[in-house]
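Residue strings, one per chain:
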Amino acid sequence: MDLLIKNGRVIDPSQNLDDTLDILVANGLIKEIGKGVTAPVGAETIDAGGSYVVPGLIDMHVHLRDPGLEYKEDIISGTKAAAAGGFTSICCMPNTKPVIDNKAVASYIINKAKAEGFCNVFPVGSITYGLSGDRMSEMGELKESGCVAVSDDGKPVKNSEMMMRALQYAAGIGIMVISHAEEIELVGEGVMNEGFTSTELGLKGIPRVAEDVATARETLLAEYTGTSIHIAHVSTKGAVRIIREAKARGVKVTCETAPHYFTLTDDAVRGYNTNAKMNPPLREIDDVAAIKEGLKDGTIDAIATDHAPHHLDEKDVEFNVAMNGIIGLETSLPLSLKLVEEGVLTLNQLIDKMSCKPSEILGLNRGSLEIGAIADITLIDPNIGWIVEADALCSKSKNSPWLGTQMKGGAAATIVDGKLMYKR
Amino acid sequence: MAEFKHKHIIALRDLSKEDIELLISTAENMRDINCRDIKKVPTLRGKTVINLFYEASTRTRTSFEIAGKRLSADTVNITTASSSATKGETLADTALNLLAMKPDIIVMRHAVSGAHYFLANKINCSIINAGDGAHEHPSQGLLDMLTMKDRFGRLDGLKVAIVGDITHSRVARSNIQGLTKLGSKVYLAGPPTMMPPGVEKLGDVTVCGTMNEALQDADVVMMLRIQQERQGKTLMPNAREYSRYFGLNPTNIKLAKPNAIVMHPGPINRGVEMSSSMVDGDQSCILKQVENGVAVRMAMLYHVCGGELE
């Protein structure tokens, strides 16, 4: 069925567009974009007055937990949460059970998402078999079966030779390598950022340099081999500086950060709050400032959530015992919109980092509202006020540090392949 | 008499100067009981105290047990070896099961910092922290302060040197929190690998470059236990070299005031943190600390029960 989206403020960085326009969708594609577009007979019309109409948001870093850990999340609940958060596409990380290191698992995810999901799902395969760190996955088959990148996310590839060979091999296949940059020996038994807060709480700290050292290694390996690399969940001032300098030298490095890294500091851990425990950990105020600066000057290309659902039983425990990670799909948009309010990013830059750039980095052929493009569209209500409530979240897990927090802005509607998958 | 309004005693950080002074002065009164022929008063008769110890302890557990018994409370000891922890039961489940037996106070030692706050959100009896990870050990902090007060009659203005592994020490944290609230000046020394970042921001705390700097004109010298198994291979070369730079001996103690006291929370590694002559010497208050421990724990049990002193 045709769909006409009327009177919205259309913001499309891919065409440098920011104007009140109508968009006509037909057969899952953008058919027409302009002023005063009339609805064909039988077309459904959405009045988008007061809303932003943007290329469908893409979250390039999500843990869907399916297969194997469905008690935390599954493809249905996860994609439902994504659509409710305004995402038309998500990339899911390979640390499932079994690991996404073969065609069977990748195909299972793609097929289940197509049949029952609420948005597009692009799997990320593992760099090494079973995330073992010592034997390369069949990246060729992973790419052929639909994986858009490879990553051992959750842990670093510790062996530098393994990482260098993976970068070279992946470049030959034509698949992006996403690095979880962390020097594991420096992390040790750490459970939060090392700093004054960890000193006061008596919790073992993870020094920021653990991320910096690993980020430096990755950029040097990419530089030496002339390959591309994407650094996941950047959280430190040092990592931002290292990536900025590498980009200036011409290294093909891109990176992402997550809303919690530009919204919260390790102060959130006070009270031993396990919903403020993640890896990398929440850092300090100067890191938050550096992350914002990196977003502003383009060092940080993308905003991704690192949506990491965990069951209450895994979070409602002593701090050291609690699992790392928080959910993020349903809170990412309002938290990111705050960057516009604070003057860190223009609206155009924000949409670029939440849609166009992720598409470009991973070659998803989305992130645009050009005529002929796939009709993945997000309608954003910038002013709607709402409170994060556990029961209202679509995600199976409720491990958010923002439970009970007032939010401003959110998805008004999410259109995937021309079909309305979510409406507030 | 001032009123103690806290249901739990988890950290000296959570207590005010007045709270701490009240606990110390109550402990001073409790000491009389410990010197009597019949060392028992009926104050906590009918109250049940569970000592739940997830970490090995001799001194602290025994001290809490004796404290409870001297106040006529019924005390039960549970240590990890005999608890359900080994069967995979969660801390919350263990606590809820114990709670079903209606204790008035749970005294807990646990390896995870903040475990007591987690528990306090789950159960409705009083909780006393007998040590949590590297966070706090409030009864030790209080007994240390009482011992200092015994000698100097005050805490305000005292120069207290704490030497050793500050990063992993809950004893250091409780002392820093308590002492700086009561006006003492704390000087820390230890290898930089054992000095936590930002520790000087916890109060009137100075981080010293050398042990001598910390000892200079100190009223109190508190040595911390060094644990080879905890400090591992990366924090220091070995006990021998540690002792050379951070051990207390008859020579460097001369830097402190002539009437300075020497303290240690125990158990001591003789010849590592301090030489035997220091442990057993005239300036040592180590056994006095242990003695005061019982009185302090009586005061803690008493106040969380909301009692009034006759």
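Residues numbered from 1 in each chain as written. Chains lettered and ligands numbered in written order. Predicted model: local features only at pLDDT ≥ 70, side-chain atom pairs only at ≥ 80, totals over all residues. Heavy atoms only, no water.

Could you give an account of the interface of chain A and chain B, with specific residues and numbers?
Taken residue by residue, the interface counts 15 residues in chain A and 21 residues in chain B. Each partner contributes to the roughly 1,400 Å² buried at the junction of chain A and chain B, and carbon and sulfur atoms together form 61% of this total. Among the residues chain A hides against chain B, the three largest losses belong to Phe196(A), Thr199(A) and Glu318(A). Together they make up 39% of the total. Where chain A packs against chain B, one counts two salt bridges. A salt bridge links Asp316(A) to Lys122(B), with the shortest nitrogen-to-oxygen separation between them at 2.3 Å. Where chain A touches chain B, the interface holds seven residue pairs in polar contact (both at pLDDT 80 or more). (Contact = heavy atoms within 4.5 Å. Buried area = accessible area lost by both parts, 1.4 Å probe. Salt bridge = Lys/Arg side-chain N within 4 Å of Asp/Glu carboxyl O. Polar contact = N/O pair within 3.5 Å; in protein donor to acceptor, adjacent residues only side chain to side chain.)

Mind laying out the pattern of salt bridges, listing which residues take part and the relevant values?
Overall, the coordinates contain 38 salt bridges over all chains when judged by the stated rule. The closest approach of N and O atoms between Glu185(A) and Lys158(A), which form a salt bridge, is 3.3 Å. Separated by 27 residues along the polypeptide, Glu185(A) in helix α5 (residues 184-187) and Lys158(A) in the loop between β9 (149-151) and α4 (160-173) bring together distant segments of the chain. Judged on exposure class, the residue Glu185(A) and its partner Lys158(A) are both exposed. Two residues, Glu65(B) and Lys69(B), come together in a salt bridge whose shortest N-O distance is 2.8 Å. Here Lys69(B) and Glu65(B) lie together in helix α2 (residues 59-70), a separation of four residues that amounts to about one turn. (Helix = DSSP H or I, 4+ residues; strand = E, 2+ residues; numbered from the N terminus. Buried < 20%, exposed > 50% of the residue type's maximum accessible area, 1.4 Å probe, protein only.)

So, the domain arrangement of chain B: which residues are in play, and what are the values?
Residues and elements named next belong to chain B. Assigned domains of chain B: these are domain 1 (12-136 + 290-305) and domain 2 (138-289). Here the C-alpha centroids of domain 1 and domain 2 sit 25 Å apart. Each partner contributes to the interface: domain 1 provides 31 residues, whereas domain 2 provides 29 residues. When domain 1 packs against domain 2, the two sides together hide about 2,500 Å² of surface, and 58% of this comes from carbon and sulfur. (Domains from an automatic or database assignment.)

How would you explain the packing of helix α8 (residues 237-249) of chain A against helix α10 (residues 285-297) of chain A if you had to name every residue and give the values?
Residue and element names in this part refer to chain A. Contact geometry for α8 and α10: axes closest at 8 Å, N-to-C directions at 25°. Relative to α10, the element α8 is oriented roughly parallel. In this structure, α8 crosses over α10, and the sense of that crossing is left-handed. Where α8 approaches α10, its residues Lys237, Val240 and Arg244 are matched on the opposing element by Asp286, Asp287, Ala290, Ile291, Glu293, Gly294 and Asp297. The residue inventory of the contact of α8 with α10, partitioned by class, reads three nonpolar, one polar and six charged. (Axes fitted to C-alpha atoms, helices over the stretch in contact; angles between N-to-C directions. Parallel < 35°, antiparallel > 145°, perpendicular 65-115°, else oblique. Left-handed = near helix turned anticlockwise from the far one by under 90°. Nonpolar A, V, L, I, M, F, W, Y, C, P; charged D, E, K, R; others polar.)

Residues and numbers for unusual backbone geometry, please.
Glycine aside, a negative phi is what most residues show, and trans is what most peptide bonds show. Residue and element names in this part refer to chain A. Of note, the bond from Asp66 into Pro67 is cis; its omega dihedral lies within 30 degrees of zero at 10°. Structurally, Pro67 can be placed in the loop between β6 (57-62) and α1 (75-84). Here the bond from Lys97 into Pro98 is cis, since omega is 0°, no more than 30 degrees from zero. With respect to the helices and strands, Pro98 occurs in the loop between β7 (87-92) and α2 (103-116). The backbone phi angle of Asp306 is positive, close to 55°, even though this residue is not glycine. Note on Asp306: relative accessible area 10%, which makes it buried.

Summarise the environment of Asn399(A); cite the residues concerned and give the values.
Residues and elements named next belong to chain A. Summarising the element assignment, Asn399 is placed in the loop between β16 (377-387) and β17 (406-416). A relative accessible area of 2% means that Asn399 is categorised as buried. Sequence separation between Asn399 and Glu185 is 214 residues, and the spatial gap between their C-alpha atoms is 28 Å. Contact partners of Asn399, with chain neighbours within four places excluded, come to Asn275, Ala308, Pro309, His310, Lys315, Gly325, Ile326 and Ile327. Side-chain polar atoms of Asn399 contact the backbone oxygen of Ala308, separated by 2.9 Å. A polar side-chain atom of Asn399 sits 3.2 Å from the main-chain amide nitrogen of His310.

Help me get a handle on the packing of α4(A) against helix α7 (residues 209-225) of chain A, residues and values and all.
Residues and elements named next belong to chain A. It is the contact of α4 with α7, at a shortest axis distance of 10 Å, that shows an interaxial angle of 45°. The angle between α4 and α7 places the two elements in the oblique class. For α4 against α7, the interelement crossing comes out right-handed. Contacts between α4 and α7 pair Ser160, Met163, Met164, Leu167 and Gln168 from the former with Arg217, Glu218, Leu221, Ala222, Tyr224 and Thr225 from the latter. Of the residues assigned to the contact of α4 with α7, the class counts are six nonpolar, three polar and two charged.

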